Amino acid sequence: MAEGIAGILGISKVIPVVTLTDVAHAVPLADALLAGGIGIMELTLRTSGALAAIERLARDRPEFCVGGGTCRTANDLQRVTDAGAAFAVSPGATAALLAAARRLSVPWLPGAATLSEMMNLSDEGYSCQKLFPAALCGGIELLKAVAPVLPALRFCPTGGVSPDNLAAFLAQPNVSCVGGSWIAPAELLQRAAWSDITRIAASAAGQAAVSSVRKSCA
Ligand code: 3PG
């Protein structure tokens, strides 16, 4: 679904990108993020328990918006949909993924890193795209260059976003939100350091809120 993803991206200006190794961490992590003011995350399909974690969250925390990330194949999109993910994310976009996304009902955020990729996705109806890997493919300067030539597109830059550049990314008119792993990094997840994750989430949400006010006043 090309149109549903815009509403999902409106939930939070910052979307934690999380790789979970312990399924039992899914619910406490969602609670820690919610306590910090973030009600959404992308759970990557990079561990064997990722789908079970999505299933658990969809069942036990229906108020929390969990997406399935790193969807590389049509089968990945099918599996995150079946697990109950509210949305799906891919680092890029292939013909097979586009065909599966047309068939499935899950809102999908496809990835792009070049103008041609952005234009192809735009032709397919995807005006919301994940800019990935954002810092490496041109970052803020690329977003500035793209804005006048593809003015209808909105991006979720991910890959290299950090507390240091968060405000600068969010200040771009064509950025609707950002994604990043710094909010729930592996080291804090391993230690089940939920209060630390809440603190980082609250700080990111606070920075994003200041950015939003600045942007709307600009
Ligand atoms: C992703 O999976 O989207 C990125 O790898 C997250 O990038 P980051 O670790 O630089 O935030």
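So, here is what we can say about the structure in this document. Bear in mind that the values here come from a model prediction, so they are computed numbers and not experimental data.

**Here's the deal with the pattern of salt bridges**
Next, step 1: Scanning all chains against the criterion turns up 9 salt bridges.
Next, step 2: In this structure, arginine 79 and aspartate 76 form a salt bridge, with 2.9 Å as the shortest nitrogen-oxygen distance. With arginine 79 and aspartate 76 both in helix α4 (residues 74-83), this residue pair falls 3 residues apart, about one helical turn.
Next, step 3: Since its relative accessible area comes to 35%, arginine 79 is described here as partly exposed.
Next, step 4: Given a relative accessible area of 8%, aspartate 76 falls into the buried group.
Next, step 5: Salt bridges here are not isolated pairs; linked through shared partners, they connect Glu187, Arg191, Asp196 and Arg199.

**Let's talk about the layout of surface pockets**
Next, step 1: The volume enclosed by the largest pocket comes to roughly 230 Å³.
Next, step 2: Lining the largest pocket are 18 residues, with Val17, Thr19, Arg46, Gly180 and Ser181 sitting closest to its centre.
Next, step 3: In the lining of the largest pocket, the residues fall into 8 nonpolar, 7 polar and 3 charged.

**So, the site of the ligand**
Next, step 1: Surveying the vicinity of the ligand reveals the residues Val17, Arg46, Lys130, Phe132, Thr158, Gly159, Gly160, Gly180 and Ser181.
Next, step 2: Within the contact set of the ligand, an oxygen atom lies 2.7 Å away from a side-chain nitrogen or oxygen of lysine 130.
Next, step 3: Taking 310 Å² as the accessible area of the ligand by itself, protein coverage stands at 78%.
Next, step 4: Mapping the ligand onto the cavity grids shows that it belongs to the largest pocket.

**Section: the pairing of strand β7 (residues 128-131)**
Next, step 1: Side-chain alternation along β7 places Cys128 and Lys130 on one buried face and Gln129 and Leu131 on a second face that is also buried.
Next, step 2: Strand direction decides the pairing type here: strand β6 (residues 111-112) and β7, joined by 2 bridges, are parallel. Bridging from a neighbouring strand, alanine 112 pairs with leucine 131 of β7.
Next, step 3: Crossover connection from β6 via helix α6 (residues 115-123) to parallel β7: handedness right-handed.
Next, step 4: Of the strand pairs in this sheet, β7 and strand β8 (residues 154-157) are connected by 4 bridges, and their pairing is parallel. From the neighbouring strand, lysine 130 faces β8, where its bridge partner is cysteine 156.

**Thoughts on helix α5 (residues 95-103)**
Helical periodicity: at 3.6 residues per turn, an α-helix aligns residues three or four positions apart in one direction.
Next, step 1: For α5, the full list of buried residues reads Leu97, Leu98, Ala100 and Ala101. Take α5 and look down its axis: the buried residues cluster within an arc of 165°, on one side only. Away from the buried face of α5 by more than 90 degrees, exposed residues Ala95, Arg102 and Arg103 are located.
Next, step 2: Considering only its buried residues, α5 is in contact with α4, β5 (108-109) and α6.

**Examining the packing of aromatic side chains**
Next, step 1: Taken as a whole and judged by the stated rule, the model has 1 aromatic pair.
Next, step 2: Between tryptophan 108 and tyrosine 126, the ring centres sit 5.2 Å apart and the planes meet at 85°, which makes this aromatic pair edge-to-face. Highlighted residues: tryptophan 108 in strand β5 and tyrosine 126 in the loop between α6 and β7, separated in sequence by 18 residues.
Next, step 3: Residue tryptophan 108 is classed as buried on the basis of its relative accessible area, which comes to 0%.
Next, step 4: One Lys or Arg, lysine 130, reaches over the ring of phenylalanine 132 and ends 4.9 Å from the middle of that ring.

**Some words on the side chain of threonine 44**
Next, step 1: If you trace the backbone, threonine 44 turns up in strand β2 (residues 40-44).
Next, step 2: There is a polar contact of 2.8 Å between the side chain of threonine 44 and the side chain of threonine 19.
Next, step 3: Here threonine 44 is in contact with Val17, Val18, Thr19, Ala50, Gly69 and Thr70, once residues within four sequence places are set aside.

**Topic: the environment of arginine 72**
Next, step 1: Structurally, the position occupied by arginine 72 is in the loop between β3 (65-69) and α4.
Next, step 2: A relative accessible area of 52% means that arginine 72 is categorised as exposed.
Next, step 3: Counting along the chain gives 24 residues from arginine 72 to alanine 96, while the straight-line C-alpha distance between them is 9.4 Å.

Rules behind the numbers
Residues numbered from 1 in each chain as written. Predicted model: local features only at pLDDT ≥ 70, side-chain atom pairs only at ≥ 80, totals over all residues. Heavy atoms only, no water. Salt bridge = Lys/Arg side-chain N within 4 Å of Asp/Glu carboxyl O. Helix = DSSP H or I, 4+ residues; strand = E, 2+ residues; numbered from the N terminus. Buried < 20%, exposed > 50% of the residue type's maximum accessible area, 1.4 Å probe, protein only. 1 Å grid on protein atoms, 1.4 Å probe; cavity = no way out; pocket = protein on both sides within 12 Å on 5 of 7 lines; lining within 4 Å. Points joined across faces, edges and corners; volume = space filled by probe spheres on them. Nonpolar A, V, L, I, M, F, W, Y, C, P; charged D, E, K, R; others polar. Near = heavy atom within 4 Å. Polar contact = N/O pair within 3.5 Å; in protein donor to acceptor, adjacent residues only side chain to side chain. Areas by Shrake-Rupley, 256 points an atom, 1.4 Å probe, with all protein chains shown as cover. Sits in = over half its atoms within 2 Å of the grid points. Pairing = 2+ DSSP bridges. Right-handed = clockwise from strand over helix to strand, strands pointing away. Arc of directions from axis to C-beta. Contact = heavy atoms within 4.5 Å. Phe/Tyr/Trp six-rings, centres within 6.5 Å; stacked < 30°, edge-to-face > 60°. Lys NZ or Arg CZ within 6 Å of the ring centre and 35° of its normal.

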